[in-house]
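Each chain is listed here by its residues.
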Amino acid sequence: MTEKINIKAIDILLVEDNPGDVRLTREALKEGKVLNSLHVVGDGIEALEFLRHEGEYATAAHPDIILLDLNLPRMDGRELLAKIKTDPKLRRIPVVILTTSKAEEDIIKTYDLHANCYITKPVDLDQFITVVKSVEEFWFTIVKLPPDRK
Amino acid sequence: MANTEFVILLVEDNSADVRLTQEALASGKIRHELHVVRNGEDAISFLRQQVPYIESPRPDMILLDLNLPRKDGREVLKEIKEDHNLKSIPVIILTSSEAEEDILKTYDLHANGYIVKPVDIDQFFRVIREIKEFWMSIVMLPAHESKGSLSSDRD
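In this report, we go over the structure that sits alongside the text. Predicted model, so just to flag it, every value in this text is computed and none were measured. (Residues numbered from 1 in each chain as written. Chains lettered and ligands numbered in written order. Predicted model: local features only at pLDDT ≥ 70, side-chain atom pairs only at ≥ 80, totals over all residues. Heavy atoms only, no water.)

Further remarks concern the pairing of strand E5 (residues 113-116) of chain B. All names here are of chain B. Where burial is concerned, the two faces of E5 agree: the one with Gly113 and Ile115 and the one with Tyr114 and Val116 are both buried. Strand direction decides the pairing type here: strand E4 (residues 91-95) and E5, joined by 4 bridges, are parallel. Looking at E5, one finds that Ile93 is bridged to Tyr114. Running through helix H4 (residues 100-108), the crossover from E4 to the neighbouring parallel element E5 is right-handed. (Buried < 20%, exposed > 50% of the residue type's maximum accessible area, 1.4 Å probe, protein only. Helix = DSSP H or I, 4+ residues; strand = E, 2+ residues; numbered from the N terminus. Pairing = 2+ DSSP bridges. Right-handed = clockwise from strand over helix to strand, strands pointing away.)

Below is the structure:
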């Protein structure tokens, strides 16, 4: 099978407050075959600033995809999801929920809010890495992500 | 995952693509139940459990072509994602169109993912298997109790 060579790195916004999970995600993404650039924010308010190019994020990259934890300080991930998916400029960005929650309520609610998919973070480290790589495989090599258009 | 079969609705009018998709899905280990409709109107009737689809199960996932007779795939997508009862069902666009306009428009309409059908058969198989692998064993989907008609078990 031919390897894909991506000239443009995929910009990923990771919204995650747990430093351990941030590190693991970063490691897993580095090991993959698709060139990517990982941007990390620790809460929902910072995420919005990043996405809206406000303050220190005035020249931030436009993410091709967002990995979103649900339980975040300052602004809950569910609220952030709602804001992203009702914003005419941001709603097209795929949002992958990556959370410890298995609650049916969370699953239904986030799909209703138009999360693109919902994944429960495995507790096991190896499985966590496998899952992140699966996300990469599916979203970066199989799916066509929305082209960047201002 | 629930004990019940994973139900996939394929909305596709091209017979060869239907056949290929069926074969590609069947080649995996995970059990699934595939339903096929060939046009946009039937897709909506199936999802709303209207005649002649009164007994139809609720899909866990929809694979949706864009260029369909009777009702265009873009219109079907819009109706699904604006319907309070249907919008939580993941819809993966599976189309030959690579047009940026289509990609943007369908993501704006809340398509869960957009995939261009590979021309190469081996690649096509690979893509279908990846979809299955990802959505059936990695992703969490809403569980649902009611399969079938309105008179079936409800809370």
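Neighbouring strands of a sheet are bound in pairs by backbone hydrogen bonds; such pairs are parallel or else antiparallel. Residues and elements named next belong to chain A. With respect to topology, 5 strands assemble into an open sheet ordered E2-E1-E3-E4-E5, the strand pairing being parallel. Strand pairing shows two members of the sheet lacking a second neighbour, strand E2 (36-41) and strand E5 (117-120), which therefore form its edges. Mean inter-strand twist for the sheet, computed between neighbouring axes without regard to direction, equals 20°. Taken strand by strand, helix H4 (residues 104-112) contacts strand E4 (95-99) and E5, and its axis lies near 155° from that of E5. (Axes fitted to C-alpha atoms, helices over the stretch in contact; angles between N-to-C directions. Contact = heavy atoms within 4.5 Å.)

What follows covers helix H1 (residues 15-26) of chain B. Because an α-helix packs 3.6 residues into every turn, residues spaced three or four apart end up facing the same way. Residue and element names in this part refer to chain B. Compared with the 16 Å implied by 1.5 Å per residue over 12 residues, the 16 Å span of H1 between its first and last C-alpha is a close match. For H1, the set of buried residues is Asp17, Val18, Leu20, Thr21, Ala24 and Leu25. Taken around the axis of H1, the buried residues stretch over an arc of 165°, which confines them to a single face. Residues Arg19 and Ala26 are exposed on H1 and point more than 90 degrees away from its buried face. Tucked inside the fold, the buried residues of H1 contact strand E1 (6-11), strand E2 (32-37), strand E3 (61-64) and helix H5 (121-138). (Expected span 1.5 Å × (residues − 1). Arc of directions from axis to C-beta.)

Here the focus is unusual backbone geometry. In this chain, Val51 of chain B is followed by Pro52 of chain B through a cis amide linkage whose omega measures 0°. Following the sequence through the fold, Pro52 of chain B ends up in the loop between helix H2 (40-47) and E3. Even without glycine at this site, Arg74 of chain A takes up a positive phi of about 65°. Structurally, the position occupied by Arg74 of chain A is in the loop between strand E3 (65-68) and helix H3 (77-86).

Bringing the packing of helix H1 (residues 19-31) of chain A against helix H5 (residues 125-142) of chain A into the picture now. Residues and elements named next belong to chain A. Relative to each other, H1 and H5 sit at 55°, their axes nearing to 9 Å. Considering their axes alone, H1 and H5 lie oblique with respect to each other. Considering how the two elements wind past one another, H1 and H5 form a crossing that is right-handed. Between H1 and H5, the contacting residues are Asp21, Leu24, Thr25, Ala28, Leu29 and Glu31 on the first element and Leu125, Phe128, Ile129, Val132, Lys133, Glu136 and Phe140 on the second. Grouping the amino acids of the contact of H1 with H5 by side-chain chemistry returns 8 nonpolar, 1 polar and 4 charged. (Parallel < 35°, antiparallel > 145°, perpendicular 65-115°, else oblique. Left-handed = near helix turned anticlockwise from the far one by under 90°. Nonpolar A, V, L, I, M, F, W, Y, C, P; charged D, E, K, R; others polar.)

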